[in-house]
Structures are given as structure tokens and as C-alpha cells.
Amino acid sequence: MNNSRTNKPAFLIHLLVVTLLFLFQKVDAQETKRPNIVVVLADDMRWDYLGAMGANDIIQTPNLDKLAAEGTLFSNAFVTSAICTPSRTSILTGMYERKHGVTFGSNSVMTEEAWGNTYPMLLRKSGYYTGWVGKNHTPIGKTDKGLGYSSGIMEESFDYWRAGHGHLSFYPKNVHEIFSDAKADNQIDIIQEAIDEFLSLDEAMETSKSFLRTRPEDQPFCLLINFNVPHSNSTNSMKQLPSDPALYRTGYRDQLDKLALPANYIPYNSIQTPKLPINVYNGEYLQSYDWVKSKESLNENQIRTLETVTGMDQVVGNIIQELEAQGVLDNTIIVFTSDHGILHGEFGLGGKTLLYDVDLKVPLVIYAPGLDQQQVVDELSLNIDLGPTLLDMAGVEIPEEMQGKSLKPLIVNKDVAWRTDFFSENLFMEQNYPRTEAVRTKDWKYIRYFSKEKDQHHALSLISPILGEEPIYEELYDLKNDPNEMHNLANEADSQKLLEMLRKRCVELLKEAKGDNGLPKTYISNFDDEEFKASVEQVYKNLKLD
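Residues numbered from 1 in each chain as written. Predicted model: local features only at pLDDT ≥ 70, side-chain atom pairs only at ≥ 80, totals over all residues. Heavy atoms only, no water.

Spatial ordering of the open sheet is given by E8-E5-E11-E1-E12-E15-E2-E16, a layout of eight strands whose pairing is mixed. Each edge of the open sheet carries a strand with a single partner, namely strand E8 (160–165) and strand E16 (376–377). Relative to E16, strand E2 (residues 72–74) runs parallel, the two being bridged by two bridges. By the bridge assignment, Leu73 is partnered in E16 with Val376. Set on the sheet, helix H3 (residues 84–93) makes contact with strand E1 (36–42), strand E5 (129–136) and strand E11 (221–226); between it and E1 the angle comes to about 165 degrees. Set on the sheet, helix H11 (residues 295–325) makes contact with E1, E11 and strand E12 (332–338); between it and E12 the angle comes to about 175 degrees. (Pairing = 2+ DSSP bridges. Helix = DSSP H or I, 4+ residues; strand = E, 2+ residues; numbered from the N terminus. Contact = heavy atoms within 4.5 Å. Axes fitted to C-alpha atoms, helices over the stretch in contact; angles between N-to-C directions.)

Structure below.
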């Protein structure tokens, strides 16, 4: 009895130690089960070039279609800004362009503070091994090296970096020195090499370019793969070289007679009445999109789009195969989407930026093993939802300033209140494009345009409609009966009640998109006049969002 009383404290201490060890081991086990994340981003890829969407009888995307069948396909996925830099920044930040302030052509650069709150940086802070491959089109940081793309911030932010700032062309070695030691010559295969390097568990190798570290087996990883196809910078530069794989020389060319023009396609020289009045938009766009002007040149671009989309699909298939071989596929989230769509000559127009569905709607597939996934989600899903979704799935707190919503409840078919409309915008003031805002519901679209003659400093353009600037032109479309947005109902007598409702809703969503009355967390290189800057800051301070 005395011995047992004497040993009881020791026994309790032993029991406590064993319990703590068990709990620590359990935490470690849970840590190793944090999902890996692979995000594949296409460039200028329309929603109707994903086979699983069922709108294209020619495209072959078997690997993505399988992911959609085994994961979740979002049938109504959209971007909030239909142009590269702001859309890609919205994906990273989970914010509307109106809030993050990184507008193409505005000389605005994301600050280090803002960059630290993007989803890949939050994942890295929480213990993820991170990689960036392909294209970057978001300028970040200010250092002794320079501003934005020349600051070096992006390169230093990832455990693995194999990317170029801006366009890559189809042959990146000709444009970016970082790819010069790649074995392949074409963009898609060069990106594949970098993916293989990141995923490899072999010993790291030192090259003449950089020290390429391999990922640790005991650490979850997040790999961001950013293609520059089927963007015309890449497809226009395809040369069908003898060294190119057969897919990029002859793929789909036996199906030219099966290519379909958009229902509302107009050859450029056949335009009689422009889609938008000349005083709103003069209809001119970059020469790199001139391929929409005739059926023959459009068909050639369609072929190259088909080829490069299938090329991306093959990369996704290779990723799946490698993850499966390593035994980690069942713990890896795979996302596939695009930064926005693009016009294929609808209304005789080329490029993107305008807020028609063909520019805003994108493919979106999320494969999330471990969840009881709903195969198809029809709710309105946005690019700003991706960051919150991935943070949610990784068990990382979602910052309050992120404006998107986690898609996880929709993926698991949870009964949850969801958006019934969304706001989209174009703040790009170059290349003749007007500032534009829109509200889209499931059945209706309202678009309003502002005068280019009233364009002003970017910081003021962000808030001018909140301060009372009135639009000079409006459009209203019945998407249920007119999905191609051909018939503007804004001037119809029986549409005025709905038009007024959507006008008010646009103002409400605009203020929500702005988020607060502070200046965006950006460096603006043409914001050099301190007196002017002080006056703008005062305007923001007085901004009323309620």
C-alpha cells in the first residue's frame, strides 16, 4: 500500500507524458494530412473550350473532363475583371479590382503588405512549400532593384520560382533568360519540365541559373502553374517548327470544316451598326487580336487554341499521373481555371475587357479528394472565391479583407445562403476602352459605361462613380432568352422598372467592391506630386460608402 502511494505521482506524471506524446503525434499526423494544392491557370481561355462544359464538340480535354467528373464543375464561374493583371491579382488577393487597385496600364504596383496577405503567401506562412511556374502578370513591391516586376519580391517569395514577368510567347527561351537551359523549346513543355522539377523528390541539382530545391516529403506543398496560352501572344507566335510536337504542328487541322463561328460573329468589314456607339467605344483594339476580323484568320486561331488547350490538358494528366505514382493524389486539391475569356469576333469585336459573358465566363474545376463532392455547381462562382476556398480547405484563417467566399460549402452540397448577383468592372483606360461596370444575375445583365473624356488619375477613377459621375450609356440583357447579349433592352418601356432596380443594385455592389474609404495598398509611380496626393487622400477620407 505504501509503495503504491509513493509511486502514484510518478505514475500520473508518466501517464501525462504518454498522453502529451500521443497528442503531439496526433497533431503531427494531422499536419501531414494537410492537403497539397495545385492551381493551373490558363490565359484567355473561354469557358466553351473545356470539354466538360458540353459546348464544344471538337475540343479534347479528357484529363480535365475526368477531374470534373470526379470533382466539381462550376457551370457559372466568372471573373470580376476581364483583363489579365487585375483578374490575376483578384485571384491572388480575393478582392475586387476596385479594392486591390492593381489596374493594367495604371502604373499601380501591389505593396509588400498587400502581397503578404495573398493566399499563396498565407499558405507559405502556415507551413506550405510553395512554387510558381510560368507567367507572372502582377507587379509587386518596391526595392533598391526597382519597382514592380524588377523589384525581385516575387522571385524571393517562393521556395521554387521558374517564371517570367509578362508574356512568354510560345518559345519562352527567346524572351526570358530563366528558361534558356530548358530541354524543350515550346512553352507548354517548358512549363511541364518545371512542374516535374518541383514535384520531384530526387536530390536537388545546382544549375548555372539557380539552385533548384526539391520539395520536402514531410511538408504540404502549393504549386501555382500559370500558362500564357491560348493568349494570342503565344498562339500568334506558334511557327509549326520541326522541333515542335505533332500536336502543335498538325493537331485538329483535319477538322477545319467542323469549326463553328460564334452565333453573333460579324466579319470586321461587314459591321454596319457597331455594338457600342462610337462616342462610347470606337471599336479599335490591339493588332494582336486582328485574327477575329475574317473567318479564315479566326479559324486559324481556333485551331491554335484547340491545340494549346489540349496541350494544357496533357500537362494536367501528367501531374495526376505523377501525384498518383507518389501516393499523394488522394491528398491533393487540383484547381483549373482561366484569368478571363475573350471575344472571337462577336459583334465584330476582338480582345477582352468588355463585360459581356464571353469575356467574363471561365472554366472552373476543383478536385478536392476527401470531400463528398457535388459534381456540378450552378451557383454564381467568382475568381475572388478561389483564395478563400483554398485557405479554408487548408485550415488557414481567411483574412477579413478578402471579399470572395469559400466555395467549400457548395462543393459538399451544403445548404448555404449564396450570392444571387455579382459586380464586374473594367478600369483599364488605355487602348480606347471605356471604364465600365456591370451587375449580372442568373437571368439578367446590366452594363454601364463612362465617358473617356472624363478619365482622370487612376486613384480618382476608382471612386468617381461613387462621387456621382454618371454613365453615358447603358445596356440591359435578358440572358435567359438572349444568352448572346444581342438585344439591348435598356430603352424598352417595359424594362424601365427592372433597369432602375439594377442601377441601384450596381451602386450598392460598387460600394461593396470598394470595401472601405482607404486608398488601395499600391505604389503608384505617377503619384509624385505630394500636394495632389494629399488632396486625393482627403477625397478618400470623406468617401461615403453607406
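For the rest of this paragraph, the subject is the sheet that holds strand E19 (residues 436–441). Pairing is antiparallel across the open sheet formed by four strands, whose spatial order is E18-E19-E20-E21. One side of each edge strand has no neighbouring strand; the edge strands of this open sheet are strand E18 (421–426) and strand E21 (473–478). Across the sheet, the mean angle separating the axes of adjacent strands is 15 degrees when strand polarity is ignored. Looking at chain direction, E19 and strand E20 (residues 444–449) are connected through five bridges and run antiparallel. Opposite Val439, over in E20, you have Tyr446 as the bridge partner. Relative to the sheet, helix H16 (residues 496–514) contacts E18, E19, E20 and E21, its axis offset from that of E20 by approximately 70 degrees.

On to the packing of helix H2 (residues 62–70) against H11, then. Look at H2 against H11: their axes get within 7 Å of each other, and the N-to-C directions meet at 60 degrees. In terms of their interaxial angle, H2 and H11 are classed as oblique. Only Asp313, Gln314, Val316, Gly317 and Ile320 of H11 make contact with H2, whose side of the interface consists of Pro62, Asn63, Leu64 and Leu67. (Parallel < 35°, antiparallel > 145°, perpendicular 65-115°, else oblique.)

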